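Close look at the chain arrangement
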Amino acid sequence: MPKTILQLSILEHQDDFPDDASTDSYNGLIPYFIVADGAFMMLPNVIRPYPGRSKANLPIDQAVFNYRQNKMLSRTCRCIENTFGIMASKWLIFRQPIIATEETVNAIVQASVVLHNYVKNMKVEKVNE
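Here we summarise the structure given alongside this text. (Residues numbered from 1 in each chain as written. Predicted model: local features only at pLDDT ≥ 70, side-chain atom pairs only at ≥ 80, totals over all residues. Heavy atoms only, no water.)

1. With respect to the environment of I98
Locating I98 in the fold gives a position in the loop between α2 (60-90) and α3 (102-128). You can call I98 partly exposed: its relative accessible area is 27%. In this structure I98 touches I93, V105 and I108, once residues within four positions along its chain are discounted. (Helix = DSSP H or I, 4+ residues; strand = E, 2+ residues; numbered from the N terminus. Buried < 20%, exposed > 50% of the residue type's maximum accessible area, 1.4 Å probe, protein only. Contact = heavy atoms within 4.5 Å.)

2. Overview of the side chain of N66
Inspection of the secondary structure puts N66 in helix α2. Look at N66 and you get buried, because its relative accessible area is 13%. Polar contacts involving the side chain of N66 include one to the main-chain amide nitrogen of Y50, which spans 2.6 Å. Those residues within four positions of N66 in sequence are excluded, and the remaining contacts are P49, Y50 and L58. (Polar contact = N/O pair within 3.5 Å; in protein donor to acceptor, adjacent residues only side chain to side chain.)

3. A few points about the environment of P31
As for its placement among the helices and strands, P31 is situated in the loop between β2 (29-30) and β3 (34-35). In this structure P31 comes out as partly exposed when scored by relative accessible area, which is 35%.

4. Looking at the packing of α2 against α3
α3 packs onto α2 with a crossing angle of 85° between their chain directions and a minimal axis gap of 11 Å. When the axes of α2 and α3 are compared, the pair comes out roughly perpendicular. Residue-level inspection shows I86, M87 and K90 of α2 in contact with α3, the latter providing S112, V113, H116 and V119. Of the residues in the contact of α2 with α3, the class split is four nonpolar, two polar and one charged. (Axes fitted to C-alpha atoms, helices over the stretch in contact; angles between N-to-C directions. Parallel < 35°, antiparallel > 145°, perpendicular 65-115°, else oblique. Nonpolar A, V, L, I, M, F, W, Y, C, P; charged D, E, K, R; others polar.)

Here's what the structure looks like:
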């Protein structure tokens, strides 16, 4: 059973993905996807590794895809974890579980991002003076 609005929208394909876009004149239109790990089910708009723990059991093209997807997922996770680490180092509220409604948590996250960007911009302006 879905636990979040995002999960529900992904399962029901109600998510508001942008239309397919062209990156260059050679590749044509490329769809948008959510990059996920093996815990997610296969869906048309979710990229996840092929099932199977052993490379020996997968065809070579699937093993290569899993290798590349794992590297991309690792970079994505590192980026998210680094961003969260920055936020937690500035705002004490992110150092412990937040006990609040989903609406309040969303407001806290949005406010902290705005404040982070404001402080960052102020530092840049002081350096440029």
